[in-house]
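Chain by chain, the residues run as shown.
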Amino acid sequence: MLFFSLSLPAGAGGWSPLTSDRYQWLEVSLGERTKITAVATQGRYGSSDWLTSYLLMFSDTGHNWKQYRQEDSIGSFPGNSNADSVVQYKLQQPAFARFLRLIPLAWNPSGRIGLRLETYGCPYSSDVVSLDDGSSSLVYRLSPGPRRSSRDVVSLKFKTLRNSGTLLHAEGEEGLSLSLELERGKLQLLLKQGSSSEPRRVASLGSLLDDQHWHYIAVERHSSHLNLTVDKHTERVQIPAEFSHWDMDLGSQKPAISRRNFHGCLENLLYNDLNLIELAKDKDHQVTVGNVTFSCAEPVSIAVTFPGPQSFLQLPGPTASSSAGVSVGFQFRTWNKAGLLLTFALPQEGGVVWLYLSEARLRLQIHKAGRTLLELTAGSALNDGQWHSVELNSRRGRLTVAVDKDEGGVAHASSSITAGGQLFFGGKKDSQECLNPFSIFQGCMRLLSVENQPVDLIMVQQRLLGNYSHLLIDMCGIIDRCSPSRCEHGGRCSQSWTVFHCNCSDSGYSGATCRSSVYEQSCEAYKHNGNTSGHFYIDVDGSGPIKPQLVYCNMTEENTWMVIQHNNTELTRLQPSPGGNQHLVHFDYSTEEEQLSAAISQSEHCEQELSYQCSKSRLLNTPEGSPFSWWLGGPGPGRVRTYWGGAQPGSQQCACGLQGDCVDPQHYCNCDADRMEWTEDSGLLTHKESLPVRSLVLGDIQRPGSEAAYRVGPLRCHGDKNFWNAAFFDKETSYLHFPTFHGELSADISFLFKTTASSGVFLENLGIKDFIRIELSSSTQVVFSFDVGNGPLEVRVESSVPLNDNRWHRVRAERNIKEASLRLDGLPAATQEAPTDGHFHLQLNSQLFIGGTASRQKGFRGCIRSLQLNGVTLDLEERARITPGVRPGCPGHCSSYGSFCQNGGRCVERANGFHCDCGLSAYTGVFCHTEVSASFKSGTSISYTFKEPYELSRNSSALPSSIYSDMTLRGENVSLSFRTNQSPAVLFYVSSYYREYLALLINKHGEDAFILEESRVRSLANGQLHTVSIRRLTDSVSVQVKLPHYFKMIPSSSVVLCCVGQSLALMLPSSESDEMDPDLARLVSLGFAGCLSVVQFNSISPLKAALLHPDTSPVIITGPLVQSNCGSSRDFNALLTVFSSCSVRGGIFSVPFGREWVRLKLYHNTVLTFHHLLRLKTVL
């Protein structure tokens, strides 16, 4: 229905004010309150006059205007592009008002303000009641008798100028009561249990509800929860089930709940569609009213808004008759901590007075000649958005500044001031004489008074009083940008007049709105970041609602295990309990239910050990009979499960029944044999739908002599279906399509890619005008672009290295109401800020294209993996199986992750990920990074015997090559780390059948013929960790000693040994060693006490074989050998090369040949001796 039209016939113009500036407006009276649904604008007929942008204001009284905002933020409406076309806008939420005001913001620069306007809507009827004092109330009592309704709904609209008061009070059974109260302009839901208890706040919604505008409230009660709605925002609240019915009390005083009554108006008060105000008018017996009127008499309160840096209000100061002092009063509200409120000159003293906010406190300063003569401070936390009153008085030598009267504080001084000719509020007109040294004020003011006389702001607006610039008069334009909070995942919201800020500390999330998780989605993801075993927070759905959870990631095996503990993983013994028939055990897990279910769902495999040890205590009986015991498992409280660990679901068997090896063939569990001897039924539960184990019910423990013990292990899962979900696009024209992406106000996208192509579109979704796209624009640049109706916006990240290197790269894009951001690998994020006063919904309607575009141009060639949109992983593999040109999965992970394999570890490809093969390394662990170390005592030794050639040819062993090596050696690579206080000592010894040997010793000084003077190193037998490396290739030998940081070494020159004579070869097979060199035999007899670590001889790791593979390796261990930790070799930062290559630059050397040795003196009391020998028995 058309309600108003300003569209005159051809030849007439429309509305065009005499002056075209931003202080003009067109006001329309609709005669009565109307539901307004749309507006349409057109330029002035036959002219160059039209608006390009405007604001809409609404009011019930012609005062206290409220700006209409699209999407809660967009304030302005786009106008016309010519004088003839009509531009219509349907309001997202209808406006209910009697008056409409249109304020031009911009117009055709070649013309003037010109407008033809139409508004659309329909009549709006309402019933209104006013509650104005302490005795006003409206009470509705339900009819007596039983009620079976499981749902009640109360809805109403209210308006008020007071920020506190009880709106609704409802009473239930057993002393339960519920109240809706205004507190500091917010709506609080309070719950009280019992007459003696204190009310408990269970919800808080809304803000700035004391603005004298209508606000909608709905309370919908179900059996166990309430849905509380304030305006457009709803919150679900759990309540006691006993709250089965209520009586309502509106506006009356309830001392136990609230200290204040509600003052204001209510409209359309409905209880289950029953109009209570209409019943009150009809004097229905169920409704009791006290001192109410069925109309809404609204007080007129004119406010003024200071929106920006050019805003100020200039008023005439006190008259000459009041020159003995000054008295100024006003109220203000703001979110800013700082800003100038009032300033005026002191004509007699030649100074100036500044009244301003600083750190949310009110300060008054008197300046003269650049000096501060006086400073007063009052109030605190004045940037809370509430109205605060300020009174400045100077009389009879006494200066007083009061904030909120007695509540906010009063400051006094023995001084007197007199205002000059003009008072400036909120700022000051630009002048070279006096610049504003303080921040601008952004906020609202009202109830201004000078010399106790109220200021008529309507006269100011009409230019009949004072002066002003860039003000919005007769409205308060404050917005609470933190209600509802746009900060996600518990981020704390704070704000200024123009922007809000999210504090994401301790939330586990980051970004402008705390949307992006700082944690990985699984243990698998942590492993592929290079992490090792430990406790980690995982976030299974990224930006989704599920909170991060702390788990243990075990990365010591080929599979990466996620371990989730519960409250009892130990073996627990049960004694006979004749008084009870069953024993019930409940298991509480370290994560919440939603987290647990999601972690299990995304894992490839989960398992949990279930064990029962018994002595005359039966377990399941037979599949045909009722079980004595069972367990509950699966989501929520779990379902009854009657099978045991190692068996199949529904079988009512144990593992031995499945394998056919139970102690009694008549039963399917060992414990069901009912024998006195202790036996056990145990195994793994691997059916994911049945996990985790929630409860355990044990039934056969009450008989005399019955004993049992149970154990439920932690939940263990490995694999991440989401992390490895991938698709390979082999053509530029291939793509996958999915349903339309929904990211209206906020969206996040993350994925990994690898390619050899230099460009291509990863993702695209289109709307009529809007779109969102992420693409590889060049071999070094990724671009995130979108359009939400206000023009395309692009965010770019440039890489210093090529991105088409066939390695995995990670992309994370996010768009929210504050900014758009793009991250690439570990590079700094690129961001683009959103407009401060506006954001638009992203409106898409086409399918979502992955790896290509709707036009089949600029497609992506390569792999995309782990694609998540708003925390939800898209199943690329499932869609790829049915899509031509796209293949599920993507091999080739070692190119990206192979560098994680350290210390000679070899990267092995897997379908989902990679594995580090440590067979050729002296290290172990998931990345071959864990040192293998052992503590030796004087009687400890390890002998390693090489296999004969014909034995190896007969026996094709699958053991690691660190145990079996090549047969012929033209050189050796020996390395080890040691820690000892013993000298002399043999560290390493290898001998051959040909009486050739190699030995590494720590030898005391005394018999050394050759000393190197080029080095200055302390004793090596000092209990500190040292690393030695020996390299020989034919006749060239080098020795390196790595020294820890606490050694100071000053090598004066490189030290070189020349080798002469024939090349040496290590030949196989070997036999038992011949007699040992007498000198070595004497040292060997002393033994070695200390620690050896990461011992390696070519590809053989004898210490690793002895510790980790003693039963399958050709090793003989003598004496106690204890796995230990010698200390990290990464602490070394000095390297001494003892000799290398073949030219002598200093020192005297002998050649390591046969039984001869080279002695290397490193200091006066300890010598590191290198015996070059060839013998095929390794002794540590």
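Refer to the structure above for everything that follows.
What you see is a predicted model, and the numbers here were worked out from it, not measured in a lab. (Residues numbered from 1 in each chain as written. Predicted model: local features only at pLDDT ≥ 70, side-chain atom pairs only at ≥ 80, totals over all residues. Heavy atoms only, no water.)

Asker: Account for the overall build of the protein chain, with residues named and values stated.
Answerer: In terms of regular secondary structure, the protein chain is built from 10 helices and 83 strands. The burial tally for the protein chain puts 54% of its 1180 residues in the buried class. Within the protein chain, counting contacts between residues at least 6 apart in sequence, those at least 24 apart form 71% of the total. (Helix = DSSP H or I, 4+ residues; strand = E, 2+ residues; numbered from the N terminus. Buried < 20%, exposed > 50% of the residue type's maximum accessible area, 1.4 Å probe, protein only. Contact = heavy atoms within 4.5 Å.)

Asker: Tell me about the environment of Ser759, residues and numbers included.
Answerer: Locating Ser759 in the fold gives a position in the loop between β56 (747-754) and β57 (760-766). The class for Ser759 is partly exposed, based on a relative accessible area of 36%. For the pair Ser759 and Leu803, spaced 44 residues apart in sequence, the C-alpha separation works out to 9.6 Å. Here Ser759 is in contact with Leu776, Ser777 and Gly859, once residues within four sequence places are set aside.

Asker: I'd love a proper account of the sheet that holds strand β60 (residues 792-798), names of residues and values included.
Answerer: Overall, antiparallel pairing links the 6 strands, which are arranged β55-β64-β57-β58-β59-β60 in an open sheet. With one partner strand each, in any of the chains shown, β55 (736-738) and β60 form the two edges of the open sheet. In this sheet, neighbouring strand axes are inclined to one another by 15° on average, regardless of whether the strands run parallel or antiparallel. In this sheet, strand β64 (residues 848-850) lies alongside β57 in antiparallel orientation, the contact comprising 2 bridges. (Pairing = 2+ DSSP bridges. Axes fitted to C-alpha atoms, helices over the stretch in contact; angles between N-to-C directions.)

Asker: Can you tell me about the nonpolar core, naming the residues and giving the values?
Answerer: Counting 60 residues, the largest nonpolar core has Tyr612, Trp644 and Leu696 as its most contacted members. With sequence-adjacent residues up to four places away left out, Leu696 is seen in contact with His583, Leu584, Val585, Phe587, Leu610, Trp630, Trp631, Trp644, Tyr710 and Val712. (Core = buried A, V, L, I, M, F, W, Y, C linked by side-chain atoms within 4.5 Å.)

Asker: I'd like a rundown of unusual backbone geometry, residues and numbers included.
Answerer: At the junction of Ser483 and Pro484, the peptide bond is cis and its omega measures out at -5° in the coordinates. Following the sequence through the fold, Pro484 ends up in the loop between β37 (472-473) and β38 (492-495). Cis peptide bonds are those with omega within 30 degrees of zero, and the linkage from Leu691 to Pro692 qualifies with 0°. Residue placement: Pro692 occurs in the loop between β50 (679-685) and β51 (693-698). Unusually for a residue other than glycine, Gln212 sits at a positive phi of about 60°.

Asker: Any chance you could break down the state of the cysteines for me, citing the residues and the numbers?
Answerer: In this structure the tally under the stated criterion is 15 disulfides. Here Cys654 is linked by a disulfide to Cys669, with a sulfur-sulfur distance of 2.0 Å. Judged by the sign of its S-S torsion, about 90°, the bond between Cys654 and Cys669 is right-handed. Note that Cys654 is positioned in the loop between β49 (639-641) and α5 (655-659) and Cys669 in the loop between α5 and β50, a separation of 15 residues in sequence. Each disulfide pairs two cysteine sulfurs, and for Cys1091 the partner residue is Cys1126, the sulfurs being separated by 1.8 Å. Judged by the sign of its S-S torsion, about -95°, the cystine formed by Cys1091 and Cys1126 is left-handed. Of this pair, Cys1091 sits in strand β77 (residues 1090-1097) while Cys1126 sits in the loop between β79 (1121-1124) and β80 (1132-1139), and the two are 35 residues apart along the sequence. Each member of the pair, Cys1091 together with Cys1126, is buried. (Disulfide = S-S within 2.5 Å.)

Asker: Help me get a handle on the sheet that holds strand β26 (residues 339-346), residues and values and all.
Answerer: One open sheet accounts for 7 strands, arranged β29-β28-β27-β26-β33-β24-β36; its pairing is antiparallel. Since the sheet does not close on itself, it has two edges, and those belong to β29 (371-378) and β36 (467-469), each with one partner. On average, adjacent strands in this sheet sit at an angle of 15° to one another, irrespective of strand direction. Bridge count between strand β27 (residues 351-358) and strand β28 (residues 361-368): 7 bridges; the pairing is antiparallel. Across the sheet, Leu357 pairs through a bridge with Leu362, a residue of β28.

Asker: Describe the environment of Gly905, listing the residues and the values that go with them.
Answerer: With respect to the secondary-structure elements, Gly905 resides in the loop between α7 (894-897) and β68 (906-910). Here Gly905 falls in the buried class, since its relative accessible area comes to 18%. Separated by 14 residues in sequence, Gly905 and Gly919 place their C-alpha atoms 7.2 Å apart. In contact with Gly905, not counting residues within four places along its chain, are Asp917, Ser921 and Cys928.

Asker: Can you lay out the pairing of strand β53 (residues 715-718) for me, pointing to particular residues and giving the numbers?
Answerer: On a regular strand, each side chain points to the face opposite its neighbour's, so the side chains alternate between the two faces of the sheet. Relative to β53, strand β44 (residues 561-564) runs antiparallel, the two sharing 4 bridges. When the bridges of β53 are listed, Trp561 appears paired with His718. Sheet topology note: the strand β47 (residues 605-615)/β53 ladder contains 3 bridges and is antiparallel. By the bridge assignment, Cys606 is partnered in β53 with Cys717.

Asker: Break down the pattern of salt bridges for me, citing the residues and quoting the values.
Answerer: The full count for this structure, using the stated rule, is 32 salt bridges. Lys159 is the salt-bridge partner of Glu298, the closest N and O atoms lying 2.7 Å from each other. With Glu298 in the loop between β22 (292-293) and β23 (303-306) and Lys159 in strand β10 (residues 152-159), this pair connects stretches of sequence that are 139 residues apart. For Glu298, a relative accessible area of 24% corresponds to the partly exposed category. Residue Arg333 pairs with Asp210 through a salt bridge whose shortest N-O separation is 3.4 Å. Of this pair, Arg333 sits in strand β25 (residues 326-333) while Asp210 sits in the loop between β14 (200-205) and β15 (215-221), and the two are 123 residues apart along the sequence. (Salt bridge = Lys/Arg side-chain N within 4 Å of Asp/Glu carboxyl O.)

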